[in-house]
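Listed below, chain by chain, are the residues.
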Amino acid sequence: MSRTEQVARPLRFQFRAMNTDVEVQLSAGREEAEHAATVVKNWFETQEQRFSRFVADSELNRLNASTGWMPISAAMDEVLSLAYGYIGLTEGIFQPGISQALQASGYDLSFEKVQQRQLKRPLIERVLRTRTPESSGWMEDRYDHSRPSWIQREGSRMVHLDPGAELDLGGIVKGWAVERIADWLQRTLHMPAGLINAGGDIQVWGSPDHSQWTLQVADPLQNQGAMSGAIRLQRGAVATSGISRRQWQNTDGSFAHHLIDPRTMEPADTDVLQCTVLGQHASQCEIIAKTVCILGSAEAVGWLNRHYDRHDVLWMTRDGSNYFRGNTDTLAEHWPGFDPDHRFSLL
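What comes next concerns the included structure. Keep in mind it's a predicted model, so treat the numbers as computed, not measured.

**Section: the environment of P192**
- Along the chain, P192 turns up in the loop between α7 (173-187) and β7 (194-198).
- Taking relative accessible area as the criterion, P192 reaches 39% and is therefore assigned partly exposed.
- Sequence separation of P192 and W205 is 13 residues, and the distance between their C-alpha atoms is 7.6 Å.
- Not counting the four nearest positions on each side in its chain, P192 is found in contact with S27, W205, G206 and S207.

Shown next as structure tokens:
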């Protein structure tokens, strides 16, 4: 997602945080907007220091290294509570307990370093799928994808991880951070219109006299910068996930990507290259997009029908087909330029 257009252009700021580009557009006076942009930048940098597995002393890494009960921040408690709920809603497909699987697949450094790294070492042994008679029961319990691998003590902000469990919250933190700061800008600073975009996880809002936001959707099958179509909305959230942007080649010549299927603890074997979701909350749209990518087309429609009947979901497959599941009556209005090959109406 990139390039936002409207009649009266707001002030625009960009910075790097959470291993992605963050774009901020705010409709306000310059001084007010610059103050708000500083607050937004500090917010994302703070959450990166808290949740990144690539920051040695992050709260996430301290939690992963803990034994027994550990006190956590209010932000960590909120994100873990959200994640706990999404494990159930996704039937276990969203699963934060995949940190070691990501490392085993080759994503053991920040993505920029993974790209830069010369492939001089052997492919990491995929220990997550190697079981001995002595350890098989423990491994099955540890990687049961249908349940959380931690316990939260209600009202106390205390967490206990399963023995040996390691969490990665990258699948939810960006959307949550976008959603929370957008809400703060509206409620506290009373920004009449704005956009927060963290690597494709987007929250937008506008006043009644504010023209619609136009968000361009990248084409995963074309060169960088090519667009498939657009999304138009005045208020709401959009999130995009896919396997084409964060992938790498291992020493055996195989390609891997960052979307781990918790049923196999391997990069998902999926026909979906990219999924974009339109809804009201960035964190929810992010979870839906990732889940559709991991499930693949054959399973995605059934899962969406069971759990999410108020979102527009569009995904693109390896053979170039477009699938749309959502409100077909407003498809032309909200998704200009798209003519999906397969359409599934809301139930």
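Now that the structure has been shown, the text picks up again.
**A closer look at the sheet that holds strand β3 (residues 20-26)**
- Strand order in this open sheet of 9 strands is β2-β3-β7-β8-β11-β16-β17-β18-β19, and the pairing throughout is mixed. Of all the strands in the sheet, just β2 (11-17) and β19 (342-345) have a single pairing partner and so form its edges. Each neighbouring strand pair of the sheet contributes to a mean axis angle of 10°, computed without reference to strand direction.
- Bridge count for β3 against β7 is 5 bridges, and the pairing is antiparallel. Across the sheet, the residue bridging to L26 is G194, located in β7.
- Of the strands in this sheet, β3, β7 and β8 (201-205) touch α7, which is tilted by about 15° from β8.
- Docked against the sheet, helix α8 (residues 282-295) engages β8, β11 (236-242), β16 (272-279) and β17 (312-317), running at close to 30° with respect to β11.

**Focus: the packing of aromatic side chains**
- All told, the structure shown has 8 aromatic pairs when counted by the stated rule.
- Ring plane angle 55° and centroid distance 6.1 Å describe the contact between F15 and F44, whose orientation is recorded as tilted. Of this pair, F15 sits in strand β2 while F44 sits in helix α1 (residues 30-51), and the two are 29 residues apart along the sequence. Residues F15 and F44 agree in their burial class; the two are buried.
- Arranged with centres 5.9 Å apart and planes meeting at 80°, the rings of Y84 and W150 form a pair that is edge-to-face. Taken together, the residues span a long stretch of sequence, with Y84 in helix α3 (residues 74-89) and W150 in strand β5 (residues 150-153) at a distance of 66 residues.
- An aromatic cluster is built from W43, F51 and W176, whose rings are joined through pairwise contacts.
- Here R153 stacks its cationic end above the ring of W69, 4.1 Å away from the centre of that ring.

**Some points on the state of the cysteines**
- One pass over the full model with this rule turns up 0 disulfides.
- Looking at the unpaired C285, the closest cysteine sulfur is the one in C275, lying at 9.7 Å.
- Among the residues examined, C285 registers a relative accessible area of 0% and is labelled buried.

**Let's talk about the sheet that holds strand β4 (residues 69-71)**
- Here we have 3 strands laid out as an open sheet, ordered β4-β6-β5, and antiparallel in their pairing. Two strands bound the open sheet, and with one partner strand each, they are β4 and β5. Strand-to-strand twist across the sheet, computed as the mean angle between neighbouring axes with direction ignored, equals 30°.
- Contacting β5 and β6 (158-161), α3 runs over the sheet at an angle of about 125° to β5.

**Examining the pairing of strand β18 (residues 322-326)**
- Across the 5 residues of β18, 5 count as buried, placing the element largely inside the fold.
- Going residue by residue along β18, you find N322, F324 and G326 tucked away on one face and Y323 and R325 tucked away on the opposite face as well.
- Sheet analysis places β17 next to β18, joined by 4 bridges and oriented antiparallel. Counterpart to M316 in the pairing with β18 is N322.

**Things to note about α1**
- For α1, spanning 22 residues, the distance from its first C-alpha to its last is 31 Å, which sits close to the expected 32 Å at 1.5 Å a residue.
- For α1, the complete set of buried residues consists of A33, A36, A37, V40, F44, Q47, R50 and F51. Taken around the axis of α1, the buried residues stretch over an arc of 155°, which confines them to a single face.
- At its buried positions, α1 is contacted by β2, β3, α2 (59-64), α3, α7 and β7.

Conventions we followed
Residues numbered from 1 in each chain as written. Predicted model: local features only at pLDDT ≥ 70, side-chain atom pairs only at ≥ 80, totals over all residues. Heavy atoms only, no water. Helix = DSSP H or I, 4+ residues; strand = E, 2+ residues; numbered from the N terminus. Buried < 20%, exposed > 50% of the residue type's maximum accessible area, 1.4 Å probe, protein only. Contact = heavy atoms within 4.5 Å. Pairing = 2+ DSSP bridges. Axes fitted to C-alpha atoms, helices over the stretch in contact; angles between N-to-C directions. Phe/Tyr/Trp six-rings, centres within 6.5 Å; stacked < 30°, edge-to-face > 60°. Lys NZ or Arg CZ within 6 Å of the ring centre and 35° of its normal. Disulfide = S-S within 2.5 Å. Expected span 1.5 Å × (residues − 1). Arc of directions from axis to C-beta.

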